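This is what each chain is made of:
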Amino acid sequence: MPKRPRRILRRRWATTEGWRGTRAGMWAWLVQRAAAIALLAVIVLHVRTPYWRGVQMTLLALVLAHGLLGARAIVLDFGLPVRWHRLLLVIAVALAAVIFAAVWGWRWS
Amino acid sequence: MVLKVFRWSPGFRERIQRFWVPAKEGMTVLDALVDAQRRLDSTLAFRYACRVGMCGSCGMVINGRERWACRTLLKSLKTRIVTVRPLYHFPLIRDLVVDLAPLAEQAARVGAAFVPKEEPAAFAQVGADALERQRIDPAIECIGCGMCVSACTMVANDERFPGPAALNRLFTLDTDRRDAGHADRAAVLLSEDTLMRCHTQANCTDVCPMEISPTASILALRRRAVRGLLG
């Protein structure tokens, strides 16, 4: 009897079902990677138009997202309990918001 | 309530079948599936055994997340529509039943099996208060349900990545001084598709019904491997 090919299901990311149940750690990873790619474009834009406030703000937001989520990954690498990973995400986002607001108040308000 | 169940069998196209099941107080997803099978469609295939959250046979993807059907109360899902799919990343057998053989195959491939020393002690004791024991203990309760492998996005993208279950088992062995296979596994652990492939998304940790953290085991192995490289 001929052997049938194996059928293995994978999440289909183009469907809502594929994203359903996506968890905090996945979002943290995804946002950090997306911020890295976006940074490449925004840095080029920033070099061309250094005084355009919209680009400055976007650049700061991306740097904070990428850097603080990277710091979250590093502290987990160094042995902080993995059970804290959601708390670390909340801390990273809160810290990013505070720094962004502080820079906004200092430079842009 | 409406149960939307993934249906597939060899030679037929996949589809989602809807079952209307009367939800009762204390009813679990497994109860609803059994009810649908007995009253509405006896060809519906799913796996279960203990029904009390011990064996892990009923692991499936319920409303997008890996859970065991016998311990998931319908009430806890907070919706009248429940979607049930088989675990991802395992060969489908039929409907909600998958072949869990890859769990053992991946473990064997990375050498996640105990290697006895040539002259083992008659009875090698590791005390309950030993640091080694305390490190291993949180990682030994794996029941082989496969939910961590289903939740792992890296397994989906790299077939050579052994997955959280195999690496968690490997961690317990690599921490055990009675095991003689540490040196042989070093090359496997440092290969491109093993420890370094984990992206610390902790999906496996989030879904493990035994509250094991394979992510923590992988990170511990990674730290150990890096220390080994640095001397």
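Keep in mind it's a predicted model, so treat the numbers as computed, not measured.

Residues and elements named next belong to chain A. Between helix 3 (residues 53–77) and helix 4 (residues 85–108), whose axes approach to 9 Å, the crossing angle comes to 150°. One finds that helix 3 runs roughly antiparallel with respect to helix 4. The handedness of the crossing between helix 3 and helix 4 comes out as right-handed. Where helix 3 approaches helix 4, its residues Arg-53, Leu-60, Ala-61, Leu-64, Ala-65, Leu-68, Leu-69, Arg-72, Val-75 and Leu-76 are matched on the opposing element by His-85, Leu-88, Leu-89, Ala-92, Leu-95, Ala-96, Ile-99, Phe-100, Val-103 and Trp-108. Counted by class, the contact of helix 3 with helix 4 contains 17 nonpolar, one polar and two charged residues.

Take helix 2 (residues 24–48) of chain A next. Between its terminal C-alpha atoms helix 2 of chain A stretches 36 Å, which fits the 36 Å expected from 25 residues at 1.5 Å a residue. Where helix 2 of chain A bends most, at Leu39(A), the angle is about 30°. For helix 2 of chain A, the set of buried residues is Gly25(A), Ala28(A) and Ala35(A). The elements touched by buried residues of helix 2 of chain A are helix 3 and helix 4 of chain A together with helix 9 (203–207) of chain B.

Our next topic: the nonpolar core. The biggest cluster of nonpolar side chains holds 61 residues, and the ones touching the most others in it are Leu3(B), Val29(B), Met60(B), Ala69(B), Val84(B), Cys148(B) and Leu170(B). Among the elements that line this core, the one with the most residues is helix 7 (residues 164–175) of chain B, at six residues. There are two domains that each give this core at least three residues, and those are domain 1 (2–98) and domain 2 (101–230) of chain B. For Val84(B), the residues in contact, after removing those within four places along its chain, are Leu3(B), Lys4(B), Val5(B), Phe6(B), Val29(B), Met60(B), Ile62(B) and Leu96(B). Ranked by size, the runner-up nonpolar core spans nine residues in total, among them Leu62(A), Leu64(A), Ala65(A) and Leu88(A).

With that settled, the discussion passes to the pairing of strand 4 (residues 65–68) of chain B. All names here are of chain B. Inspection of the sheet shows strand 3 (residues 59–62) paired to strand 4 by four bridges, in the antiparallel sense. Residue pairing for strand 4: Val-61 is matched across the bridge by Glu-66. As consecutive antiparallel partners, strand 3 and strand 4 are separated by two residues, and within that stretch Asn-63 has a phi angle of approximately 50°, a positive value.

On to the pairing of strand 5 (residues 81–85) of chain B, then. The sheet contact formed by strand 1 (residues 2–7) of chain B and strand 5 of chain B spans four bridges and is parallel. By the bridge assignment, Val5(B) is partnered in strand 5 of chain B with Val84(B).

Counting residues at the interface gives 21 residues for chain A and 24 residues for chain B. For the side of chain A that touches chain B, the secondary-structure elements that each account for two or more residues are helix 2 and helix 3 of chain A. Among the residues making up the side of chain A that touches chain B, the classes are represented as seven nonpolar, four polar and 10 charged.

With that settled, consider the domain arrangement of chain B. All names here are of chain B. You can read the domains of chain B as domain 1 (2–98) and domain 2 (101–230). Of note, the centres of domain 1 and domain 2, computed from C-alpha atoms alone, are 30 Å apart. Contacts between the two partners involve 12 residues from domain 1 and, on the opposite side, 13 residues from domain 2. Going through the elements one at a time, strand 3 and strand 4 are the ones with two or more residues in the side of domain 1 that touches domain 2. If you tally residues by element for the side of domain 1 that touches domain 2, the top one is strand 4, at three residues. The residue inventory of the side of domain 1 that touches domain 2, partitioned by class, reads six nonpolar, four polar and two charged.

Here the focus is unusual backbone geometry. Even without a glycine there, the phi angle at Arg51(B) is positive, about 70°. With a phi close to 45°, Asp95(B) is a non-glycine residue in the positive phi region.

Cut-offs used in this document
Residues numbered from 1 in each chain as written. Chains lettered and ligands numbered in written order. Predicted model: local features only at pLDDT ≥ 70, side-chain atom pairs only at ≥ 80, totals over all residues. Axes fitted to C-alpha atoms, helices over the stretch in contact; angles between N-to-C directions. Helix = DSSP H or I, 4+ residues; strand = E, 2+ residues; numbered from the N terminus. Parallel < 35°, antiparallel > 145°, perpendicular 65-115°, else oblique. Left-handed = near helix turned anticlockwise from the far one by under 90°. Contact = placed C-beta atoms within 7 Å. Nonpolar A, V, L, I, M, F, W, Y, C, P; charged D, E, K, R; others polar. Expected span 1.5 Å × (residues − 1). Bend = angle between axes of the 7 residues up to and from the residue. Buried ≥ 20, exposed ≤ 12 C-beta atoms within 10 Å, placed from the backbone. Core = buried A, V, L, I, M, F, W, Y, C linked by C-beta atoms within 7 Å. Domains from an automatic or database assignment. Pairing = 2+ DSSP bridges.

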